[in-house]
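Structure at a glance
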Amino acid sequence: MSEANEVQGPSLYERIGGEAAVNAAVDLFYGKVLDDYRINRFFEKTDMPKQVEHLKAFMTVAFGGPNNYTGRSLRDGHARLVKMGLNDSHYDAVMEHLGATMNELNVPQELIAEAAALVESVRGEVLGK
């Protein structure tokens, strides 16, 4: 084992529980999002089963798991929503639901913070800034 691997340790994907954890989180997360009047209008014309699979694949990669993501870039994938008015307040609502979802699944706070930092790091891309 190389020193780099020893220092890096297991990925966030592995530490939160791998595929089963990502799948559970995404399913629970979208339930919260679709129930939220602040942001559910952005999903009115969305093929949700397809969207769920895209987010599962994206989160797997973003959290350091196997790379099977074939979707568009974050900027391209959200451009239509930005034209509909997607802004920081909506992104904050999504962040709120992500945190609540991970709390509900008993993910340790340090892992929630790590996931939130990753999601926060792509805010500009998602919002086309």
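Our structure's up above, just so we're on the same page.
Here goes a summary of the coordinates provided. (Residues numbered from 1 in each chain as written. Predicted model: local features only at pLDDT ≥ 70, side-chain atom pairs only at ≥ 80, totals over all residues. Heavy atoms only, no water.)

**Observations regarding the overall build of the protein**
The following threshold applies: A run of DSSP states H or I qualifies as a helix once it reaches four residues; a run of E qualifies as a strand once it reaches two. Both are numbered from the N-terminal end. Computation of the radius of gyration draws on C-alpha atoms alone. For the globule rule, the value is 2.2 Å times the number of residues to the power 0.38. Only protein chains enter the calculation, and the probe is 1.4 Å; a residue is then buried if its accessible area is under 20% of its type maximum, exposed if over 50%, and partly exposed in between. Note on areas: Shrake-Rupley, 1.4 Å probe, and residue coverage restricted to the protein chains presented here.
Secondary structure summary: the protein contains eight helices and zero strands in total. Helices (α) and strands (β) of the protein occur, in sequence order from the N terminus, as α-α-α-α-α-α-α-α. For 129 residues, the compact-globule estimate of 2.2 N^0.38 gives 14 Å, and the protein sits close to it at 15 Å. The C-alpha extent of the protein, read off along each of the three principal axes, is 50 × 30 × 25 Å. Residues classed as buried in the protein amount to 35% of the 129 residues present. Carbon and sulfur atoms make up 54% of the accessible area of the protein, which totals about 7,700 Å².

**Observations regarding the packing of helix 6 (residues 88-104) against helix 7 (residues 109-120)**
Short version of the rule: Where helices are involved, their axes are fitted lines through C-alpha atoms of the stretch in contact, as for all axes, and angles between N-to-C directions lie from 0 to 180°. Throughout, the term roughly parallel applies to angles under 35 degrees, roughly antiparallel to angles over 145, roughly perpendicular to angles from 65 to 115, and oblique to all others. It is the rotation of the near helix from the far one that decides the hand of a crossing: anticlockwise by less than a right angle makes it left-handed, clockwise makes it right-handed. Throughout, a residue-residue contact means that at least one pair of heavy atoms, one from each residue, lies within 4.5 Å. Charged residues are taken to be Asp, Glu, Lys and Arg, nonpolar residues to be Ala, Val, Leu, Ile, Met, Phe, Trp, Tyr, Cys and Pro, and polar residues to be all remaining types, Gly included.
Across the interface, helix 6 lies against helix 7 with an axial gap of 10 Å and an inter-helix angle of 155°. What the angle tells us is that helix 6 and helix 7 run roughly antiparallel. Relative to helix 7, the crossing made by helix 6 is right-handed. From helix 6, Tyr91, Met95, Leu98, Gly99, Met102 and Asn103 reach across to helix 7, where they touch Gln109, Leu111, Ile112, Ala115, Ala116, Val119 and Glu120. Of the residues in the contact of helix 6 with helix 7, the class split is nine nonpolar, three polar and one charged.

**Here we look at the nonpolar core**
Stated precisely, the cut-off is as follows: Buried residues of nine kinds, namely Ala, Val, Leu, Ile, Met, Phe, Trp, Tyr and Cys, make up a nonpolar core once their side-chain atoms join them within 4.5 Å.
Grouped together as the largest cluster of nonpolar side chains are 31 residues, with contacts concentrated most on Ile16, Val26, Tyr30, Met59, Phe63 and Met102. Elements with a minimum of two residues in this core: helix 2 (12-16), helix 3 (18-34), helix 4 (48-62), helix 5 (74-83), helix 6 and helix 7. The element best represented in this core is helix 3, accounting for six residues. Those residues within four positions of Met59 in sequence are excluded, and the remaining contacts are Val22, Val26 and Leu98.

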